[in-house]
Amino acid sequence: MKTKLIRAVSISVILILMVTLLEVGSYAIYRYTMPPDIKELVDFAVYPEPHLKDLRWLPNTLWHHELPSSIVNNRGTIGPDFEVPKPDDVYRIICLGDSTTQFPGHHPEILQERLNGQLYQGKRLEVINAGIGGHVSAFTLSYFALRLIHYEPDMVILKAGYNDYLPFSFEDLNYDYLPAFKQSYTIDVRDQKYWRLARHSYFLRLLGSIFLDLPGKDFYDLPTMWWSGESNLMVNRDKLFLYTENIRSIVSMAQVRGIKVLILDLPVAPPEVKEFSPSLMHNGYREFIETMDTELQEVAFDLGVDYIETKMVISAKDFADHVHLKRSGGEKIAHL
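Residues numbered from 1 in each chain as written. Predicted model: local features only at pLDDT ≥ 70, side-chain atom pairs only at ≥ 80, totals over all residues. Heavy atoms only, no water.

Examining the nonpolar core
Logical step 1: If you look at the biggest cluster of nonpolar residues, it comprises 54 residues, and the most contacted ones within it are Phe144, Ile247 and Ile263.
Logical step 2: Only β1 (90-97), β3 (123-131), α6 (137-146), β4 (155-159), α7 (165-168), α11 (241-255), β5 (260-264) and α12 (278-303) provide two or more residues apiece to this core.
Logical step 3: Once residues lying within four places of it in the same chain are set aside, the contact partners of isoleucine 247 are Ser137, Leu158, Ala160, Ile263, Leu296 and Val299. (Core = buried A, V, L, I, M, F, W, Y, C linked by side-chain atoms within 4.5 Å. Buried < 20%, exposed > 50% of the residue type's maximum accessible area, 1.4 Å probe, protein only. Helix = DSSP H or I, 4+ residues; strand = E, 2+ residues; numbered from the N terminus. Contact = heavy atoms within 4.5 Å.)

Below, the structure is given as structure tokens:
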């Protein structure tokens, strides 16, 4: 009996040591060798709650995502709170677009600083920054149609197109954009029971990262393809009408409601500026955006709205990267 007890204790100690060594080794591999982007996805799968608290992703291909609740006002946009319905004594300007609208230092922030509270036609000016980084024109259209139009703007300043290369680089792009955004608009933590168990084991985290589908992994893999130079940004040249129809729809929705529209052009940094993604630029990004900009001009001309050529006033020193501007560039655009 004593011998069996000693044997059982010995086996238990050996197993505990083996599990301990396995966990220590797994922790070292996880901590020091796992790529940061994969580690981020594993951490999200294991502890999704903090992410879900700050991020609100909606299951709609043409909505994509909203901004983190920690950085927005009472209506989900960047800047001061505002009232809905709009007060009668307010002239409301909505700046619509992607990160070149949302980010600090761009024209909406400068306009907010300069115009908010000033009088125009006897009304208080109010500028709303409704830019969302990563939005393509389809998401911008959806955002405008489903939400922003109900904020009763008097003017819309539109700058959209920089991210449209994302769906347009997919050969099988269709009208619903689904081939390009299969995973990007949902937060889906599959195998939840496994990942809850993995909270207590780095070995399970390693196994999960290899054999299970990580939440959002497909979304993280796509930019690798886009930026690696493997995709053809003009593969859907014959479908650029999708972009122009998105812009036309935004403008038409505004016009029938008596909303004034200004369309800003899409300047790209000259070659001497250090780009955010050289491989993307080498793969024809500049030519793609120039094509989109030409389409934008034609839409503005056809619909009789003002097309503002900001590229005439900004220079290389005003660019922070390939498309985003420093504050100096935002100030020049706001002055226009």
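Having seen the structure, we can now continue with the description.
A closer look at helix α5 (residues 107-115)
In an α-helix, one turn spans 3.6 residues, which is why side chains three or four residues apart end up on the same side.
Logical step 1: Turning to α5, its buried residues are His107, Pro108, Ile110, Leu111 and Gln112.
Logical step 2: Elements that come into contact with the buried residues of α5 comprise β1, α4 (99-102), β3, β4, β5 and α13 (327-335).
Logical step 3: Just past α5, the residue glycine 117 takes up positive phi, approximately 95 degrees.

Some thoughts on the packing of aromatic side chains
Logical step 1: Enumeration according to the criterion identifies 8 aromatic pairs in this entry.
Logical step 2: Between phenylalanine 82 and tyrosine 151, the aromatic rings sit 5.2 Å apart at their centres with planes inclined by 75 degrees, giving edge-to-face as the arrangement. With phenylalanine 82 in the loop between α3 (49-54) and β1 and tyrosine 151 in the loop between α6 and β4, this pair connects stretches of sequence that are 69 residues apart.
Logical step 3: On the basis of relative accessibility, which here comes to 5%, the residue phenylalanine 82 falls in the buried class.
Logical step 4: Overall, the relative accessible area of 7% leaves tyrosine 151 in the buried class.
Logical step 5: Ring centres of tyrosine 165 and tyrosine 285 lie 5.2 Å apart, and the angle between their planes is 85 degrees; on these two criteria the pair is classed as edge-to-face. Remark: tyrosine 285 occurs in helix α12 and tyrosine 165 occurs in helix α7; sequence separation between them is 120 residues. Comparing tyrosine 165 with tyrosine 285, the two get one shared label, buried.
Logical step 6: Among the aromatic residues, those joined into a cluster by ring pairs are Tyr27, Tyr30 and Tyr202.
Logical step 7: The residue whose ring lies beneath arginine 205 is tyrosine 202, and the NZ or CZ to ring-centre distance is 4.4 Å. (Phe/Tyr/Trp six-rings, centres within 6.5 Å; stacked < 30°, edge-to-face > 60°. Lys NZ or Arg CZ within 6 Å of the ring centre and 35° of its normal.)

Quick look at the pairing of β4
Logical step 1: Summarising burial for β4: 5 of the 5 residues are buried, a large majority.
Logical step 2: Of the two faces of β4, the one carrying Met155, Ile157 and Lys159 and the one carrying Val156 and Leu158 are both buried.
Logical step 3: Where β1 and β4 come together, 5 bridges link them in parallel fashion. Opposite leucine 96, over in β4, you have leucine 158 as the bridge partner.
Logical step 4: Sheet topology note: the β4/β5 ladder contains 4 bridges and is parallel. The residue of β5 that forms the bridge with methionine 155 is lysine 260. (Pairing = 2+ DSSP bridges.)

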